[in-house]
Amino acid sequence: MKSTYNEFVFKLKKLYGGFDEEQKKFEKAPNSKISRELGYSDAQFSRLINESATEGEYARANQNADRILLLLKLEEEIKSVRTGKSKRRYYAIGVLLILISAFIGYFINQKIHDDKSSSLSSVRYEMLKWSFETEYVNPYTKLINLPSDCNFACYKYQGKWELGDSYKVPFFRERSGFHYAATEVIMYARCMPEKSSTGDVLEGYEYQKHEIWYDTSESPIDSFLAANGTELTEEYKKMDLSKQKNFIRVAYVHTFFRNEFQIDTTQILRTGKVIGRDIEFVSNEELESQLGSSEIVDEISKEVQKIITNRLEDFSRPISCGEAITPDLNFHEIKEGSEMNFDCQLTTGRVSLDYTKSYVLKDQYIKNKCRPE
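## Describing the environment of Lys-195
Inspection of the secondary structure assignment puts Lys-195 in the loop between β5 (178-191) and β6 (201-215). For Lys-195, a relative accessible area of 52% puts it in the exposed group. Beyond its immediate chain neighbours, meaning those up to four positions away, Lys-195 contacts Val-201 and Glu-260. Separated by 2.6 Å, the side chains of Lys-195 and Glu-260 make a polar contact.

Structure representation (structure tokens):
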């Protein structure tokens, strides 16, 4: 344990300067800032720095520190490239490695469940935020990088987007009663000059918080569908599950999703797929208090496990969405509050259901309009 702790401190000293053993503090940043940049809660980082974490936690923390050091090295290599074409190639490779290292490494290899809060302040979202809002990584295209005529549509779309309206769909499976609800989304969008020199491709890395609900009345899926069989009824779409006595939340689904947006003059085409997913169950004690017995809790938990094993595979397939209308025909006028609305179909158990995915631009990276030379 002591060796892994010393390794952890040694690596952080490379990032944050000298370390005061007595005060457990670093020269260049307070512990609260370091914990956020590493993707930890304050309580988790406090255990790490005070030698009270587990061996596994130190192993994961050292992996996090290694990733940051690698990213810094990649950034230096990118800066050292001087020729235009080579610079673009190395920039593209660097950004790709940075984002894949940060996200895939975290969502697939990291299993940190100490913070039981289901809010977007969880460590899962913090890793996404770290990759776009710290000095270590800045994958956005800047004003100085735009062409002289400013004809680069994606530049005003860059920044942080959030889910507009929540949506939900019932699962189609042997046993009725289970529903999938999208409640919170944060997406960071960046131009992809390495893929399109004309600025018509936008890449979005997205953290989604979904929920699995159980309907104790086990109403069949048809009761929530309109006559065409794929569209959900307005009553169901407007229903607040948390206010329905017969609906019980049984699990949270944390997902990392990669989007690509093809921007046309009047339309935006969205494609994408799931990259990583993590399931967080509501505690047995809470479920038992709502369902009445441990036997029912066990039964429902087994059903949810089957959903995770079988049905959630469907959610990993590439999405199927129609084109959205551009927020403004003049892309220079895109501003905070602009929306992208996509009519999509989500397939579970070979049944496709319609839903609308809306993004709202909350924190725009480039607020000023580009000025042609």
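## Things to note about the nonpolar core
Core analysis: the biggest nonpolar cluster contains 62 residues, and Ile-212, Val-250, Met-340 and Phe-342 have the highest contact counts within it. Sequence-distant contacts of Ile-212, that is, excluding residues within four places in its chain, are made with Phe-178, His-179, Tyr-180, Ile-248, Arg-249, Val-250, Ala-251, Val-253, Val-304 and Ile-307. Core analysis: the second largest hydrophobic core is formed by 20 residues, Tyr-16, Ala-61, Ile-68 and Trp-130 among them.

## Focus on the state of the cysteines
Scanning all chains against the criterion turns up 3 disulfides. Across the disulfide, Cys-150 is cross-linked to Cys-370 (sulfur-sulfur distance 2.0 Å). Between Cys-150 and Cys-370, the disulfide has an S-S torsion of -70° and is therefore left-handed. One end of the pair, Cys-150, is in the loop between α6 (123-133) and β3 (159-163); the other, Cys-370, is in the segment after β12 (351-364), with 220 residues separating them in the sequence. According to the relative accessible area criterion, Cys-150 is buried, its value standing at 1%. Sulfur-sulfur distance for the disulfide between Cys-154 and Cys-191 comes to 2.1 Å. Taking the torsion about the sulfur-sulfur bond, which here is approximately 120°, the covalent link between Cys-154 and Cys-191 counts as right-handed. Of this pair, Cys-154 sits in the loop between α6 and β3 while Cys-191 sits in strand β5, and the two are 37 residues apart along the sequence.

Parameters and conventions
- Residues numbered from 1 in each chain as written.
- Predicted model: local features only at pLDDT ≥ 70, side-chain atom pairs only at ≥ 80, totals over all residues.
- Heavy atoms only, no water.
- Helix = DSSP H or I, 4+ residues; strand = E, 2+ residues; numbered from the N terminus.
- Buried < 20%, exposed > 50% of the residue type's maximum accessible area, 1.4 Å probe, protein only.
- Contact = heavy atoms within 4.5 Å.
- Polar contact = N/O pair within 3.5 Å; in protein donor to acceptor, adjacent residues only side chain to side chain.
- Core = buried A, V, L, I, M, F, W, Y, C linked by side-chain atoms within 4.5 Å.
- Disulfide = S-S within 2.5 Å.

Keep in mind these values describe shape, not function.
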